[in-house]
Amino acid sequence: MKRNFKKITALCMAATTAACLAACGAKTSGDTPLETSAKGAYTDYSNGFDTQVTMQIPVYDRAFEGWNVTDNYYTNWIQAEFGDKYNINVEFVAITRESEVNDYMQMLASGKAPDIIFHYDMPQMLAYNDEEAMQELDLDEIAYYAPTYWDNMGETINTYGAVDGGHYFFFAQRPEAYNSITVIRKDWLDAVNMDIPTSLEEFNEVLTAWKEAGLGNGGLNLVQNAFTYDYPFRDWKMSDEEHALYSDLSIAAFTWEPTHKYLKNLNYQYNNGLVDTEFYLNTDDATTQADFVSGTSGTYNFYITSNTPVIDSLLANDPDAEIAYLPFNALVPEGTIPQTRAYWPFGMIMGINHSASDEERAAVWMYLEWMSQEDNCFYLQNGVEGENYTLDALGLAIKNTDYSGEYKLSDNNNKDYWCLVIEGAQYADDELNYRANLNNWAPKGYEYIIEDSYEDYFSTEEYRRPDALFSVVISSVAEYKSELNEKWKELYVKCAMAPEDQFESVYEAACQEYLQAGYQSILDEKQAAIDAGNYK
Amino acid sequence: MKSVKDKNMQPITDRNTYTYGKRSLSYNIRKRWQLYVLLLIPITFALIFKYGSMFGLVIAFKDYKIIKGFWDSNWVGLDVFRKIFSMKDFGLAVRNTLLLNGLTLILGFPMPIILALLLNEIKKKYFKKVTQTLLYLPHFLSFVIIGAIAYQIFGLNSGVINNLIENLGGIRIPFLQENSHWLVTYIFITVWQSMGWGTIIYLAAITGVNPELYEAATVDGANRFMRVIYVTLPCIKPTVVTLLIMNLGRIMSGSFESVYALRNVATTKFTTTIPVLIYQMGITGGKFSESTAIGLFQSVIALILVLTADWIAKKLGEEGLI
């Protein structure tokens, strides 16, 4: 009912605005430049809205212990500092990180989705757009209400935000991030007199030695939803066409040779008990983390932050545990270049809910503008000076990691609030940024992990490549994505668990099944788009 | 049995009852309005949740877009059905649903009856109560919990039972991690979970058995076992048949949670069932038209099964359900 009322109000207002615009246009035509006329058409809300606007902002709920994502000190602070100033009621809507698409689909179907629709990856955003979940954007309007944000992101929005001729997406900045890392048990390596592996062959030897020494396995979780598993097995450098056709974060390229190589190695590891032989039961991070922390497995891949509980938990279970950074090339077969996935030059991808009113949309732009202000973003990232952090001589915020009072930040430093404008904390120059990253990502005493990660990240920079971005909607991706993701799990686990001598025949049969389940349609449609040059 | 039944039907010809049955509805409502108000609660529930939601079935015939809604989405006739019938997983799902539910019915249906008969024979009151409570308990556990516990108990690498087996010198058994083992474990767990609760109706039916029949049987020289076979069982037969018909109606649907909580991606041979497919397509995949079409198909088959079972029951001389 409320929604309908809002819709009717929005319609009436839109009609009124259109009438006013037509009237203004008639009066001013001929003597005002078009741009000024368009800008003049936007209502100035810098003194706040006359009647309160309720703006719904999505926020990832990562189930941090003791953290209420929609009601905490910082959400209240946002309301007090931003909402109250402009007469906006800022409502946060929790989106489960593990099943965000489900959440969004259900909210969209019931008309309860927040004003911003977001996702970290483009294919899913295109799928939302295909459902007509978003409204077309007026870029001048963004520039009008959010000039600072527009200065930062305008060019990116112009370049990447269009689909089928209309602008639908806007973005957050993405500074370089190298905190997605794999750590390895250094004390286990010492126990078997081995160094940190530098190739897949060496890595498998380490795992074999661990197994023989009865230390544990190499871990492993079920690969699902995001498919980056095959990067270490890719040839450098492949043609643009081949890359565009197969490399896709959202759909596993089951029939591609890198997948074949990946599965062959996995099959070897599985049959020799080098990895967790129940890896297909490890469907979330909690289980792999538990295995690492309890000393069942000796490697763990995660996004490290200065306040991560992983290391403390590990040490609680085994005070002698030591960890080291596992370089990219430890997973790469000898003679192959260590490739990784490059992100597109933007962080969070966002669109405006199709049902958001003009006022709600304006409020969103104002919110982005407010958050783009250095002070506001800094406060959200670091908290209260003297409590959560202290400033050092260079102006860097030094985290007080033991702080647990009222102003406590979430476990990922409140990122799920400020990710709308930027993906990582930023300072004036690279050196400061590096120092800030160390503070934000490295737990005390483990700075060497980030130092190693930094070195590894930039030494392999030239081999990072983002997925191709198609400028037309590949509708078969949205059509078959969920079925193929299910199929992938079933088939790749089957290949991994096949007896070694039967691997090739199992893989061959699985490829056929995967193609029939819709992958062939995707390949055909992508090939047609590639032939037409609709990608970059 | 026939004569007992006829005898029981006598009061219907009793004058008072007869005329009471003939009174007009409005008279009955005025006279016993409290009962009708009580009746309103389940009727409202059924109207809202069972009939009210039925109009959503139109999306099985539409290219449903969540933004356009039920009415504004485009009609596509039977396209959605053609699509799902041509899906490879659809046939598999129908087979698995029938297989899992068929096996659960065959093995699970007699269990509550046997249990109820056994419980009825227990004379120690407290022992009986404690046993009953313990048997009912699993019914109140969510399958999410049962699934998690099942992997702790039956897991291959770290399950309690496998640890025990290995310590006793045996070989680990993939109870939940190999297709045919999974099937057996699944049936075992679902039967265990539901059998206790299922006894309630039979115990109630047994309470209604005329004690004189037992006395007569005892006089005729029947021992306890014979009394169960020749008195108790025939007396609760109508209840058994009614429940059988109702269970047959569920053979096409079955429980989503039980399969979903116990499945894993390594054992998918029997776990792709209709409810799981609906979940994957509708909730995970956002293909609401397809999942509604599968749901509709499932309901139609279930209805046919119920009507057939009812018809057969009536042919066999039972009262049936409808």
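All chains use their own residue numbering, which begins from 1 and follows the written sequence. Here the convention is simple: chains get letters from A, ligands get numbers from 1, in the order in which they are written. Selection of residues for local features in this predicted model requires a pLDDT of at least 70, selection of side-chain atom pairs for listing and counting requires 80 or more, and totals for whole chains, interfaces and linings are taken over all residues.

Now for the overall build of chain B. Working definition: helices are DSSP H or I runs of at least four residues, strands are E runs of at least two. Numbering for both runs from the N terminus. What chain B contains, in helices and strands, is 18 helices and two strands. If you line up chain B on its principal axes, its C-alpha atoms span 65 × 60 × 35 Å. Classification of the 322 residues of chain B by burial places 25% in the buried group. Think of it this way: build a C-beta for each residue from its backbone, and any pair within 7 Å is a contact. A sequence separation of at least 24 residues applies to 63% of the contacts in chain B between residues at least 6 apart. The burial label depends on the number of other C-beta atoms within 10 Å of a residue's C-beta. Counts of 20 or more mean buried, 12 or fewer mean exposed, and intermediate counts mean partly exposed, with C-beta atoms placed from the backbone.

This part takes up the overall build of chain A. Helix and strand counts for chain A come out as 20 helices and 14 strands. Here the C-alpha radius of gyration of chain A, 25 Å, is about what a compact globule of 536 residues would show, namely 24 Å. Dimensions along the principal axes, computed over C-alpha positions, put chain A at roughly 85 × 60 × 45 Å. Here chain A, with 536 residues, has 40% of them falling under the buried criterion. The globule rule used here is 2.2 Å times the number of residues to the 0.38 power, and the radius of gyration it is set against is calculated over C-alpha atoms.

This next bit is on the packing of helix H19 (residues 475–497) of chain A against helix H20 (residues 503–531) of chain A. Geometrically, a packed helix pair is captured by the angle between its two axes and the distance between the axes. Residues and elements named next belong to chain A. Between H19 and H20, whose axes approach to 9 Å, the crossing angle comes to 175 degrees. The angle between H19 and H20 places the two elements in the roughly antiparallel class. Contacts between H19 and H20 involve Ser476, Val477, Glu479, Tyr480, Glu483, Leu484, Lys487, Leu491, Lys494 and Cys495 from the first element and Phe503, Val506, Tyr507, Ala510, Glu513, Tyr514, Ala517, Gly518, Tyr519, Ser521, Ile522 and Glu525 from the second. All amino acids are sorted into three groups, where Ala, Val, Leu, Ile, Met, Phe, Trp, Tyr, Cys and Pro are nonpolar, Asp, Glu, Lys and Arg are charged, and the leftover types, Gly among them, are polar. Within the contact of H19 with H20, the residues separate by chemical class into 13 nonpolar, three polar and six charged. Angles here are taken between N-to-C directions and fall from 0 to 180 degrees, while the axes themselves are lines fitted to C-alpha atoms, restricted in helices to the stretch in contact. What sets the label is the angle itself: under 35 degrees gives roughly parallel, over 145 gives roughly antiparallel, 65 to 115 gives roughly perpendicular, and the rest give oblique.

Moving on: unusual backbone geometry. Residue and element names in this part refer to chain A. Of note, the amide linkage connecting Trp236 to Lys237 takes the cis form, showing an omega dihedral of -5 degrees. With respect to the element layout, Lys237 can be found in the loop between helix H9 (200–213) and helix H10 (240–246). We note that Asn225 has phi near 70 degrees; this positive angle belongs to a residue other than glycine. Residue position: Asn225 is located in the loop between H9 and H10. Even without a glycine there, the phi angle at Asn413 is positive, about 55 degrees.

Attention now goes to the pairing of strand E3 (residues 116–119) of chain A. All names here are of chain A. Neither face of E3 is open: one carries Ile116 and Phe118, the other Ile117 and His119, and all of them are buried. When DSSP finds two or more bridges between a pair of strands, those strands are recorded as paired. Alignment of E3 against strand E11 (residues 349–352), held across four bridges, turns out to be antiparallel. Bridge pairing links Phe118 to Met350 in E11.

Turning next to the environment of B:Ala150. Within the secondary structure, B:Ala150 is located in helix H10 (residues 143–154). Considering only alpha carbons, one finds B:Ala150 and B:Ile189, 39 residues apart in sequence, at a separation of 8.4 Å.

A word on the interface of chain A and chain B. Each partner contributes residues to the interface: chain A has 21 residues there, and chain B has 16 residues. Broken down by secondary-structure element, the contributors of at least two residues to the side of chain A that touches chain B are helix H4 (100–109) and H19 of chain A. By residue number, the principal contributor to the side of chain A that touches chain B is H19(A), which donates seven residues.

Further remarks concern the domain arrangement of chain A. Residue and element names in this part refer to chain A. Just so you know, the domain bounds were taken from an automatic or database domain assignment. Segmentation of chain A into domains returns domain 1 (47–174 + 343–422) and domain 2 (180–342 + 466–531). Taken over C-alpha atoms, the centre of domain 1 sits 31 Å from the centre of domain 2. Each partner contributes residues to the interface: domain 1 has 18 residues there, and domain 2 has 15 residues. In terms of residue count, the dominant contributor to the side of domain 1 that touches domain 2 is helix H5 (residues 122–130) (six residues).

In this section: the pairing of strand E1 (residues 53–61) of chain A. Residues and elements named next belong to chain A. Of all nine residues making up E1, eight are buried, and the element is well covered by its neighbours. Pairing analysis gives nine bridges linking E1 to strand E2 (residues 88–96), with the strands arranged parallel. Counted as the bridge partner of Val53 is Ile88 from E2.

The next thing to look at is the domain arrangement of chain B. Residue and element names in this part refer to chain B. When its domains are assigned, chain B resolves into domain 1 (1–61) and domain 2 (78–142 + 186–315). Put simply, the middle of domain 1 and the middle of domain 2, counted by C-alpha atoms, are 26 Å apart. In this assembly, six residues from domain 1 lie in contact with seven residues from domain 2.

This part covers the environment of B:Leu134. Relative to the elements of secondary structure, B:Leu134 occurs in helix H9 (residues 125–136). Linking B:Leu134 and B:Gly196, residues 62 residues apart in sequence, is a C-alpha distance of 8.1 Å.

This brings us to the sheet that holds E3(A). All names here are of chain A. Across the sheet, three strands lie side by side as E3-E11-E6; this open sheet has antiparallel pairing. Strand pairing shows two members of the sheet lacking a second neighbour, E3 and strand E6 (170–171), which therefore form its edges. Contacts from H5 reach E3 and E11 within the one sheet, and its direction differs from that of E11 by about 10 degrees.

Residues and elements named next belong to chain A. Those residues of helix H12 (residues 285–293) lying buried are Thr288, Gln289, Asp291, Phe292 and Val293. Along its buried surface, H12 packs onto strand E8 (299–303) and helix H13 (310–317). Taken from the residues just after H12, Gly295 is the one with a positive phi, measuring 85 degrees.

All names here are of chain B. Summary of the metric used: pLDDT quantifies the predictor's per-residue confidence within the range 0 to 100. Averaged over all residues, the pLDDT of chain B is 87; the fraction at 70 or higher stands at 93%. By mean pLDDT, helix H1 (residues 2–9) is the weakest element of chain B at 44, and helix H11 (residues 160–167) is the strongest at 95. Note on residues 1–19: pLDDT is under 50 here. Beyond four places in sequence and across chains, it has four contacts.

One recurring pattern in soluble globular proteins is that nonpolar side chains are buried together. To count as a nonpolar core, a set of buried Ala, Val, Leu, Ile, Met, Phe, Trp, Tyr and Cys residues must be joined through C-beta atoms within 7 Å. One finds A:Phe171, A:Ile349, A:Met350 and A:Tyr367 to be the most contacted residues of the largest nonpolar core, which totals 134 residues. Two domains share this core, each providing at least three of its residues, namely domain 1 (47–174 + 343–422) and domain 2 (180–342 + 466–531) of chain A. Ignoring sequence-local partners within four residues, the contact set of A:Tyr367 consists of A:Met55, A:Ile57 and A:Phe82. B:Tyr64, B:Ile189, B:Phe288 and B:Ile294 belong to the second-largest nonpolar core, a separate cluster that totals 26 residues.

Another aspect to go through is the environment of B:Met246. Residues and elements named next belong to chain B. In this fold, Met246 is placed in helix H15 (residues 237–249). Among the residues examined, Met246 registers 13 C-beta atoms within 10 Å and is labelled partly exposed. Spatially, the C-alpha atoms of Met246 and Ala309 are 8.8 Å apart, while their sequence positions differ by 63 residues.

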